[in-house]
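The residues making up each chain are set out below.
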2 protein chains.
Amino acid sequence: MTRLRPTDPSQLSINTATLWESGLREVAEGLCRHGIRGIAPWRDRVAQVGIAQARRILDDCGLSVTGLCRGGMFPAAGAGERQLAIDDSLRAIDEAAALGAKCLVMVCGGLPEGSRDLPAARQMVRDGLGATLGHARSCRVPIAIEPLHPMTTAERSCINTLCQALDLCDELDPDAAGAIGVAIDAYHVWWDPDLQTQVERAGKLRLLAFHICDWLRPTTDLALDRGMMGDGVIDLPRLRSCMEAAGYDGMHEVEIFSKHNWWKRPVDEVLAVCKSRHREVC
Amino acid sequence: MTRLRPTDPSQLSINTATLWESGLREVAEGLCRHGIRGIAPWRDRVAQVGIAQARRILDDCGLSVTGLCRGGMFPAAGAGERQLAIDDSLRAIDEAAALGAKCLVMVCGGLPEGSRDLPAARQMVRDGLGATLGHARSCRVPIAIEPLHPMTTAERSCINTLCQALDLCDELDPDAAGAIGVAIDAYHVWWDPDLQTQVERAGKLRLLAFHICDWLRPTTDLALDRGMMGDGVIDLPRLRSCMEAAGYDGMHEVEIFSKHNWWKRPVDEVLAVCKSRHREVC
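Quick caveat: nothing in here was measured; it's all calculated off a predicted structure. Within every chain, residues take consecutive numbers counted from 1 along the sequence as written. Ligands are numbered from 1 and chains lettered from A, in the order in which they are written. Where totals are concerned, whole chains, interfaces and linings use all residues; where local detail is concerned, this predicted model gives features only for residues with pLDDT of at least 70, and gives and counts side-chain atom pairs only at 80 or more.

*Asks:* Would you mind going over the packing of helix α6 (residues 162-172) of chain A against helix α8 (residues 195-206) of chain A with me for this structure?
*Replies:* Axis angle and axis distance: for two packed helices, these are the angle between their axes and the distance between the axes, and together they describe the pair. All names here are of chain A. Here, axes are lines fitted to C-alpha atoms. For helices the fit covers the stretch in contact, and angles between N-to-C directions go from 0 to 180 degrees. Here a strand is any run of E in DSSP of at least two residues, a helix any run of H or I of at least four, and the numbering for each starts at the N terminus. The geometry of α6 relative to α8 is characterised by a closest axis approach of 9 Å and an angle of 35 degrees between their N-to-C directions. Here α6 and α8 pass one another in a crossing that is left-handed. Contact residues: α6 offers L162, C163, L166 and C169, while α8 offers L195, Q198, V199, R201, A202 and R206. When its residues are assigned to classes, the contact of α6 with α8 shows 7 nonpolar, 1 polar and 2 charged. Crossing handedness follows the turn of the near helix against the far one: under a right angle anticlockwise gives a left-handed crossing, and clockwise gives a right-handed one. Note that contacts rest on C-beta atoms placed from the backbone: two residues are in contact if these are within 7 Å. All amino acids are sorted into three groups, where Ala, Val, Leu, Ile, Met, Phe, Trp, Tyr, Cys and Pro are nonpolar, Asp, Glu, Lys and Arg are charged, and the leftover types, Gly among them, are polar.

*Asks:* Can you help me understand unusual backbone geometry in this one?
*Replies:* Only a minority of non-glycine residues have a phi that is not negative, and only a minority of peptide bonds are not trans. With omega at 5 degrees, the peptide bond leading from R217 of chain A into P218 of chain A counts as cis. For P218 of chain A, the position within the fold is in the loop between β8 (207-212) and α9 (236-245). Even without a glycine there, the phi angle at R140 of chain B is positive, about 55 degrees. As for its position among the elements, R140 of chain B is in the loop between α5 (118-139) and β6 (143-145). In this structure, A179 of chain B takes a positive phi of about 75 degrees despite not being glycine. Topologically, A179 of chain B is positioned in the loop between α6 (162-172) and β7 (180-185).

*Asks:* It is not clear to me how the pairing of strand β8 (residues 207-212) of chain B should be interpreted in this structure. Could you clarify?
*Replies:* On any regular strand, side chains alternate: one points to one face of the sheet, the next to the other face. Residue and element names in this part refer to chain B. Whether a residue is buried, exposed or partly exposed follows from its count of other C-beta atoms within 10 Å of its own C-beta, namely 20 or more, 12 or fewer, or something in between, respectively; the C-beta atoms are built from the backbone. Counting buried residues in β8 gives 6 out of 6 residues, a clear majority hidden from the surface. If DSSP finds at least two bridges between two strands, the strands pair. Here β7 runs beside β8; their pairing, made up of 4 bridges, is parallel. Following the sheet pairing, I184 is matched in β8 by F210. When β8 meets strand β9 (residues 252-254), the two strands line up parallel, connected through 2 bridges. Along β9, the bridge assignment pairs H211 with E253. The β-α-β motif built from β8, the intervening helix α9 (residues 236-245) and the parallel element β9 has right-handed crossover chirality. Orient the strands so they point away from the viewer; a crossover is then right-handed if the path from the first strand over the helix to the second runs clockwise.

*Asks:* I'm lost on helix α10 (residues 267-281) of chain B in this one. Help?
*Replies:* Each turn of an α-helix holds 3.6 residues, which means side chains three or four residues apart point in the same direction. In this model, α10 of chain B (15 residues) spans 21 Å end to end at C-alpha, consistent with the 21 Å of a helix rising 1.5 Å per residue. Against β1 (12-15), α1 (24-33) and β9 of chain B lie the buried residues of α10 of chain B. Take the number of residues in a helix, subtract one, and multiply by 1.5 Å to get its expected span.

*Asks:* Quick question: what am I supposed to make of the sheet that holds strand β3 (residues 64-65) of chain B here?
*Replies:* In any sheet, the strands associate via hydrogen bonds between backbone groups, in a parallel or an antiparallel arrangement. All names here are of chain B. The strand order β3-β2-β1-β9-β8-β7-β6-β5-β4 describes an open sheet built from 9 strands, whose pairing is parallel. Looking at strand neighbours, the two that pair on one side only are β3 and β4 (68-72), the edges of this open sheet. Pairing analysis gives 3 bridges linking strand β5 (residues 104-107) to β6, with the strands arranged parallel. Among the inter-strand pairings, M106 is bridged to a residue of β6, identified as I145. Packing of α5 onto the sheet brings it into contact with β4, β5, β6 and β7, and relative to β6 it is tilted by some 150 degrees. Strands in contact with α10 are β1 and β9; relative to β1, the strand with the most contacts, it is inclined by about 140 degrees.

Below, the structure is given as structure tokens:
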């Protein structure tokens, strides 16, 4: 495995999906106990306490918000449904602004139910992103397109490579004015033969977030069997090095969907392991 | 879904993996009963009866061999193991020649056990292919690199896009002398935003095989939950049209790994459905 300078513990952030069974306060207080400085909440966890209370909880714990999850899911069969998705993403931008989030993560959406028209779905994503970018700019909340693994194309996202995400950024933001970029999740992109080239292409302007976990061997579920850093096959130091060379100096956000393992463990155990693995293998 | 001219039933071929529980003779006789003209055997099914007997069975049934599965699995920790994989692929070339197969399909191999070094694994694949190409040429058996879905990177193949496979072809065969190309499996490549461009790039010279099945929504297993054509979300007519526009005029080989559905059904039922779906939705 690639070796490089040690990780800085102050760069560690935890996505609430890693602690699936916990509410926002429980997660935030856990991070506080473990001296972890960053958090990335999913919107349902924010909604459970309300946005004002969420902001207070995060502030009380001194937490940076590395991203809010999520907007997107743009493709749909009817124009009315597509507008609902856009409206929801506009609200998500407001929420991200209220929380002081570094970005709003966009999970772009897969094929509409019953459709096989992938190019059309991809156009709907482009149109949806385009319809939200102005509001994102005025709220000063960058949109982070998260390319998702090709095994999610049908159901979660038809944006499946970093190249494709950056092509969208270039199309929607041709003057590189910013406010649109990418979230790089190691789990989704580690396999890509074009990864290094595209991370370099993205550069500091477009690299808005860095999510980490690991790809288990074997993987037993397409969505909920992600591994803790170090338990799988991803060369995380190589990817971090590549991100840093391209100018990324943000946090490293641990996002582990793990129904049968990490989600069943106590908060303090999970956070202790995240901290030690971040120090030792990332 | 894209519509185009009807499929020609004489272009239908069945990969023996679609009839997992059956031996070579049972498959061949089934194809004969249903008037299907092509077969693609896995080597274990050939080995069960021996190569000479296999040839007789296929000839008796008047079957074209659209491909032999498989050579490859090149990456390994030690040089000795890597040589074993090369030797095995050389034997596979001999077997493909003895059966009159249109190509030898290469499933290139994933990460060596315990390794996180994806670039090194990809070099091992290049070296392995390079070590077999001369023999393939002298036996007049083209090698068909099959890019596999990125969800197989760790365990089955670190060649995951058509672009990457074609880059290997160009590197190993810079003069386009032939004997190396690609097998396009709809299941593995349907998600690729660069698919049409790369099929065009491949052209008639490099398009050696076309595998069909479908991507189910949802998919419950990373390896053994493929769908029958028409039961999933792949726009097969669009892909066929693209293949034909690029010059492909070979057969359409049905390869369905389906542990909990199609593998449990009688041979005649599976073949009847393959025939009708090939006619109606491909």
